[in-house]
Amino acid sequence: MFRRSGRSRRARLLLGVAATAGLLAGGLVAPAGAAEPADEAPEVIVNGDFSTGTAPWWSTANSPVAVSDGRLCADVPAGTANAWDAIVGQSGLALTAGEGYTLSYTATSTVPVTIRANVQRATEPWTTELATAQPVGTTAERVTETFTAGADHEAAQLVFQIGGGAEALTFCVDDVSLRGGTAPPPYEPDTGSPVRVNQVGYLTHGPKGGTFVTGETGPQAWTLDSADGTRLAGGTTTPASVDTASRQHVHTFDFSAVTTPGEGYTVTVAGEKSEPFAIGDDLYASLRTDALAYFHHNRSGIEIDADIVGEQYARPAGHLGVSPNQGDNDVPCQPGVCDYRLDAAGGWYDAGDHGKYVVNGGISVAQLMSTFERTLYEENADAGPLGDGALRLPEHGNATPDILDEARWELEFLMRMQVPAGKPLAGMAHHKLHDKEWTGLPTRPDRDPQPRELHPPTTAATLNLAATAAQCARLFQVYDAGFATQCREAARTAWTAAKAHPDILADPQDGTGGGAYNDNDVRDEFYWAAAELFLTTGEDAYRQEVLRSPLHGDTDAVFPRGGMSWGSVAGLGALNLSTVPGKLSADQLTTVRGMVTEAADGYAADSARAAYGLPYAPDDGHFVWGSNSQVANNMVVLGSAHDLTGRTAYRDAVLRGMDYLLGRNALNQSYITGYGERDSRNQHHRFWANQLDPALPHPAPGSLAGGPNDAIQDPVAQAELRGCAPSMCYIDDIESWSTNEITINWNAPLAWVASYVDDLGSGAPARARCEVTYTSHRWDGGFTTQVVVKNTGALTIRPWRLDWTFADQQRVTDTWGADVRQSGPRTSAEALGWNLTLAPGGTVRFGFNGRSTGLVNDPRAFRLNDRACGTTSGR
């Protein structure tokens with residue numbers, strides 16, 4: 001999802017320039033007396049100093065570009081026949097007829113060459129507004145040309161035609177400027193109603209609020225109306241001044257007191273009506289399922305069956321070596337990187353393209369596994385919707401939770417990316433696998449003809465493998481002991497390799513055909529991997545790695561204000577250390593949980609202050625690429641803190657974050673496909689490309705758009721959004737890859753949050769009618785457990801049954817005081833004839849012995865007759 005140059009529809013059209021040689025060979029000389037604009041004239045070129053990389057510049061496939069010493073440089077092969085056979089350019093330039101413009105740039109070439117610098121129409125007949133021939137040599141010279149535009153252009157292009165030489169050369173350009181015309185009017189998107197609400201709805205007993213955009217300074221009257229127009233509530237808005245992220249004058253309103261379930265509710269403020277929404281207890285079950293279905297849709301190496309996903313989303317398997325694919329089951333390295341080939345089939349396509357990245361797959365598969373692992377230890381979490389047969393995928397009936405089957409598809413790919421034994425850097429993981437060159441839109445995966453390449457191993461990728469494989473080992477040992485062993489061995493091998501090679505970093509210039517995913521600080525990856533290995537093995541060496549980390553105890557380092565991401569993963573380790581039973585001392589556990597709650601305090605405060613309620617307030621005020629995933633990741637921290645403490649402030653901040661994603665935002669936009677009246681449906685994706693080809697589908701329901709990004713790196717965003725306020729820098733256009741892409745690491749936190757919110761049900765504070773004290777004494781290879789169940793409710797329970805799930809390979813042997821039965825990890829204790837009745841305030845005791853081939857972890861999630869219980873530990 002990084003700098004996907006050359007992918008816009010406009011840029012793709014430009015790659016056919018060579019076919020129009022006769023049209024481009026000549027050109028008009030700048031007219032005499034052309035007006036020269038003043039220095040303060042608007043700048044038309046974006047990133048002319050290349051300070052933010054190559055985007056939005058593009059080049060022909062034979063002349064790849066990279067930034068070198070602050071210049072954009074292209075390697076041109078020998079033997080090009082014409083100038084237009086090799087091109088570097090920028091598209092999406094708006095020109096106004098009759099306005100004067102000045103083009104200036106500095107250029108060099110390792111071999112003297114005469115280039116053509118044209119400002120022209122971006123499609124046939126490629127009409128030029130400026131056409132110049134300029135000798136370029138090894139000495140940099142400043143070139144300046146002026147012209148007057150003869151026609152209006154919404155999206156012209158500047159091209160440097162640099163072919164036609166017998167020898168290979170490197171052409172470099174710097175400080176490119178095109179000034180002139182008049183500044184475009186401020187971007188004004190269609191935002192619909194100024195009354196902004198969650199367009200799906202609000203939990204019955206959760207917070208309910210909205211935002212009203214208005215220039216009025218005094219409170220405004222609002223009403224809440226049912227579908228038939230009946231007024232149910234009313235009040236006045238609270239003026240909130242200017243929302244800095246959107247630059248909008250806004251008010252807020254609150255109707256949390258309304259708890260009557262229903263659909264079709266609207267809020268009207270000063271005569272303006274909101275989109276409709278619901279109030280109820282069961283609003284997010286489908287979102288949980290749809291958000292997780294995203295991963296099956298984007299599997300590589302398997303047919304996506306119509307019986308599972310529907311006819312419009314079905315497709316053949318991609319990248320299995322069936323023509324025109326060159327396949328992922330026998331992939332070579334980039335030239336000079338390695339002397340072997342890997343079977344790296346499977347895994348998930350990362351985003352809108354066909355790349356597969358270990359560092360992005362790592363955080364994504366970890367969050368899917370954590371969505372399931374939460375159900376093992378959180379008393380209010382329900383594993384049922386994640387279980388075998390619950391999700392839309394083919395691996396039903398194997399006695400393994402579906403969400404773990406989905407995770408396994410990626411985990412197997414990640415392990416295939418490990419350097420084989422006996423090879424240089426053995427045990428390390430290759431950073432990524434993708435096409436040699438960018439493919440265009442649309443391109444279904446099975447129709448991708450590009451050669452596939454492995455890119456060099458990196459420390460970051462290796463630690464992603466170590467962390468995820470370690471988590472895999474502890475979760476799969478009760479379902480597939482052999483696979484768990486494979487994961488454990490891969491994790492240990494990767495950790496050892498990373499310790500031996502702690503600073504092999506990804507090349508930031510390795511961004512052709514796929515994102516670079518470069519990361520110059522891997523302390524967070526070491527922290528995460530050590531945490532997962534410690535939780536899985538219980539070995540003190542890994543605990544010491546956690547405690548010695550410079551990040552340990554530093555909340556801001558572990559949980560950045562801007563949110564966790566693929567490049568900032570220490571929080572994944574801290575969240576699991578705080579919630580998964582392990583061998584931290586009481587003080588050490590307090591430190592880790594303190595980081596979680598301190599971070600959550602900050603995010604909750606940000607949410608409470610924000611006019612739109614979002615728990616996202618980056619220090620610099622900029623909304624970044626994939627800002628919606630940052631919002632969702634902050635919601636994961638908040639939800640985890642609520643699980644740990646029960647504080648409703650954290651829960652409420654999660655729900656306000658969901659409001660933001662589903663329409664209570666500056667654009668009145670639901671960023672999740674299929675949810676809300678104004679939902680995103682043209683996200684950047686090579687198969688889900690209905691906007692470009694009506695025969696293709698829109699993104700599947702539950703797909704999360706990247707969201708506002710004020711860096712606006714793609715040409716469509718640059719043409720449409722220039723000058724936008726940070727939270728307004730979004731456009732639902734398939735070509736806007738910097739604001740509207742979809743990725744696995746954005747849908748992964750969405751799936752976690754959707755699962756959490758669905759588990760909240762009514763949103764009312766949990767009132768357990770039971771409490772369980774679980775006390776285990778461990779001995780070599782086994783354990784003895786005593787359980788005390790207390791009825792904390794007002795009613796007698798008869799008969800009683802207590803259910804829980806073991807997280808490790810624990811097997812009950814001898815029992816007493818109850819009929820204890822076990823099926824895999826699922827365990828239940830039922831009353832005997834003499835202790836059927838559990839009176840209010842009364843207790844019942846039972847116990848058992850057991851054996852374990854793994855780490856003995858005490859369960860924390862218990863249900864008494866299908867009602868969640870509170871827990872205390874007797875250790």
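It should be emphasised that the depicted structure is a prediction, and the values quoted were computed from it without experimental measurement.

On to the overall build of the protein chain, then. The helix and strand inventory of the protein chain stands at 17 helices and 37 strands. In terms of principal-axis extent, the alpha carbons of the protein chain reach across some 105 × 75 × 50 Å. Scored against the burial criterion, the 875 residues of the protein chain give a buried share of 60%. Contacts in the protein chain between residues at least 24 apart in sequence constitute 74% of all its contacts with a sequence separation of at least 6. Carbon together with sulfur atoms contributes 48% to the accessible area of the protein chain, which is approximately 30900 Å² in total. Computed over 65 positive and 102 negative side-chain charges, the separation of the two mean positions in the protein chain equals 7 Å.

By size, the foremost hydrophobic cluster in this structure holds 158 residues, and its most contacted members are Y284, W495, F559, L577, V637 and V757. If you tally residues by element for this core, the top one is helix α7 (residues 459-476), at 12 residues. In this view, Y284 contacts N198, V200, G201, L203, M658, L662, A754, V757 and D758; residues no more than four positions away in its chain are not counted. Ranked by size, the runner-up nonpolar core spans 36 residues in total, among them V136, I162, V176 and L178.

The next point concerns the confidence of the model for the protein chain. Chain-level pLDDT for the protein chain is 91 on average; 93% of the residues reach the 70-or-more range. Below pLDDT 50 for its whole length, residues 1-38 participates in 120 contacts with residues either more than four positions away or in separate chains. Note on residues 762-767: pLDDT under 50 across the span, and 14 contacts to partners over four residues away in sequence or across chains.

This part covers empty space enclosed by the protein. Counting across every chain of the model gives 7 cavities of 30 Å³ or more. Within this model, the largest cavity holds a volume of roughly 270 Å³. Contributing to the lining of the largest cavity are 21 residues, with S370, N576, T579, S640 and W752 lying nearest its centre. Taken as a whole, the second largest cavity spans an internal volume of roughly 60 Å³. A class-by-class count of the residues in the lining of the second largest cavity yields 4 nonpolar, 5 polar and 3 charged.

The buried count for strand β4 (residues 87-95) comes to 8 of 9 residues, which makes it a mostly enclosed element. Bridge analysis of strand β1 (residues 58-59) against β4 gives 2 bridges, and the strand direction is antiparallel. Counted as the bridge partner of S59 is V88 from β4. Relative to strand β9 (residues 153-161), β4 runs antiparallel, the two sharing 6 bridges. Bridge pairing in β9 links L95 to H153.

Further remarks concern the environment of A748. Secondary-structure assignment places A748 in helix α17 (residues 744-760). Put simply, A748 and A366 are 382 residues apart on the chain and 8.6 Å apart in space, counted from C-alpha to C-alpha. When near neighbours in sequence (up to four residues on either side) are disregarded, A748 contacts F295, S364, Q367 and L368.

A separate point is the side chain of N668. When you line up the elements, N668 lands in the loop between α15 (648-661) and α16 (715-721). From its side chain, N668 meets the backbone oxygen of T191 in a polar contact 3.0 Å long. If sequence neighbours within four positions are ignored, N668 has contacts with T191, G192, S193, V195, R196, Q199, E275, G663 and R678.

Where charged atoms of side chains with opposite charge meet at close range, the side chains can pair. Applying the stated criterion to the full structure yields 30 salt bridges. The partner of R288 in a salt bridge is D758, with the nearest N and O atoms 2.9 Å apart. Taken together, the residues span a long stretch of sequence, with R288 in helix α3 (residues 285-297) and D758 in helix α17 at a distance of 470 residues. Comparing R288 with D758, the two get one shared label, buried. Among the ionic pairs, D540 bridges to R543, the shortest N-O distance being 2.9 Å. Linking D540 with R543, this pair stays in helix α10 (residues 540-548), spanning 3 residues, or about one helical turn. Overall, the relative accessible area of 18% leaves R543 in the buried class. Residues joined in a network through salt bridges with shared partners are R288, R374, D643, D758 and D759.

Helix length check: helix α5 (residues 358-377) (20 residues) gives 28 Å between terminal C-alpha atoms against 28 Å at 1.5 Å per residue, within 8%. Burial within α5 is extensive, with 20 of its 20 residues counted as buried.

All right, on to the environment of Y101 then. Among the structural elements, Y101 can be located in strand β5 (residues 100-109). On the basis of relative accessible area, Y101 is assigned to the buried category, the value being 1%. Spatially, the C-alpha atom of Y101 lies 6.1 Å from that of T148, the residues being 47 residues apart in sequence. At 2.8 Å, the side chain of Y101 forms a polar contact with the backbone nitrogen of T96.

The strand order β23-β25-β26 describes an open sheet built from 3 strands, whose pairing is antiparallel. Each end of this open sheet is capped by a strand with a single partner; those strands are β23 (356-357) and β26 (452-454). Bridging between strand β25 (residues 432-435) and β26 involves 3 bridges; their strand directions are antiparallel. The residue of β26 that forms the bridge with D435 is R452.

What follows concerns the packing of aromatic side chains. For any two aromatic rings, the description comes down to two numbers: the centre-to-centre distance and the angle of the planes. Across all of its chains, the model carries 35 aromatic pairs by this definition. Ring centres of F50 and W57 lie 5.5 Å apart, and the angle between their planes is 55°; this geometry places the pair in the tilted category. For the pair F50 and W57, one class covers both residues: buried. For the ring pair Y517 and W566, a centre distance of 4.9 Å and an interplane angle of 65° mean the geometry is edge-to-face. Residue Y517 is found in the loop between α8 (481-500) and α9 (523-537), and its partner W566 is found in the loop between α11 (555-558) and α12 (570-579); the two are separated by 49 residues along the sequence. Residues Y517 and W566 agree in their burial class; the two are buried.

Trans is the prevailing form of peptide bonds, just as negative phi is the prevailing case for residues other than glycine. Look at the link from S323 to P324: it is a cis peptide, with omega at 10°. Tracing the backbone shows P324 in the loop between α4 (306-309) and β21 (331-332). A cis amide bond links R798 to the next residue, P799, at an omega of -15°. Looking at the element boundaries, P799 is found in the loop between β29 (782-791) and β30 (801-805). For S241, which is not glycine, the phi torsion reads 65° and is therefore positive. Within the fold, S241 resides in strand β16 (residues 238-243).

Taking 1.5 Å of rise per residue, 19 residues should cover 27 Å, and helix α14 (residues 627-645) covers 27 Å from first to last C-alpha, within 8% of that figure. Taken across its 19 residues, α14 has 16 buried, putting it largely inside the fold. Just past α14, the residue G646 takes up positive phi, approximately 75°.

Reading the values: the criteria
Within any chain, residue numbers begin from 1 and follow the written order of that chain's sequence. The predicted nature of this model means local features are confined to residues of pLDDT at least 70 and side-chain atom pairs, given and counted, to a pLDDT of 80 or more, with totals for whole chains, interfaces and linings taken over all residues. No hydrogens and no water enter the side-chain calculation; it runs on all heavy atoms of the structure. Secondary structure elements follow DSSP: runs of H or I of four or more residues count as helices, runs of E of two or more count as strands, with numbering from the N terminus. Note on exposure labels: buried denotes an accessible area under 20% of the residue type's maximum, exposed denotes more than 50%, and partly exposed covers the range between, all computed with a 1.4 Å probe on protein chains only. We call two residues contacting when some pair of their heavy atoms lies within 4.5 Å. All accessibility values rest on the Shrake-Rupley procedure with a 1.4 Å probe; residue burial counts only the protein chains present in the view. Counting rule for charge: Lys and Arg are taken as positive, Asp and Glu as negative, and neither His nor the chain ends is counted. Lysine's charge is taken at NZ, arginine's at CZ, aspartate's at CG and glutamate's at CD. Among buried residues, the Ala, Val, Leu, Ile, Met, Phe, Trp, Tyr and Cys ones that are joined through side-chain atoms within 4.5 Å form a nonpolar core. What pLDDT conveys is the predictor's confidence in a given residue, as a value from 0 to 100. Put plainly, a pocket is an open set of points on a 1 Å grid over the protein atoms alone with protein on both sides within 12 Å along at least five of seven lines, a cavity is a set where a 1.4 Å probe fits but cannot get out, and a lining residue has an atom within 4 Å of a point. Grid points are joined across faces, edges and corners, and a volume is the space filled by probe spheres set on the points. For this classification, Asp, Glu, Lys and Arg are treated as charged, while Ala, Val, Leu, Ile, Met, Phe, Trp, Tyr, Cys and Pro are nonpolar and the rest, including Gly, are polar. A strand pair is defined by DSSP finding two or more bridges across the two strands. The definition of a polar contact used here is a pair of N or O atoms within 3.5 Å, where within protein one atom must be able to donate a hydrogen and the other to accept one, and adjacent residues in sequence count solely through side-chain atom pairs. When a carboxyl oxygen of Asp or Glu is within 4 Å of a side-chain nitrogen of Lys or Arg, the pair counts as a salt bridge. What a helix is expected to span follows from its residue count: subtract one and scale by 1.5 Å. Two rings belonging to Phe, Tyr or Trp (six-membered ring only in the last case) form a pair when the distance between their centres is within 6.5 Å. Interplanar angles under 30 degrees mark stacking, angles over 60 mark edge-to-face geometry, and anything in between is tilted.

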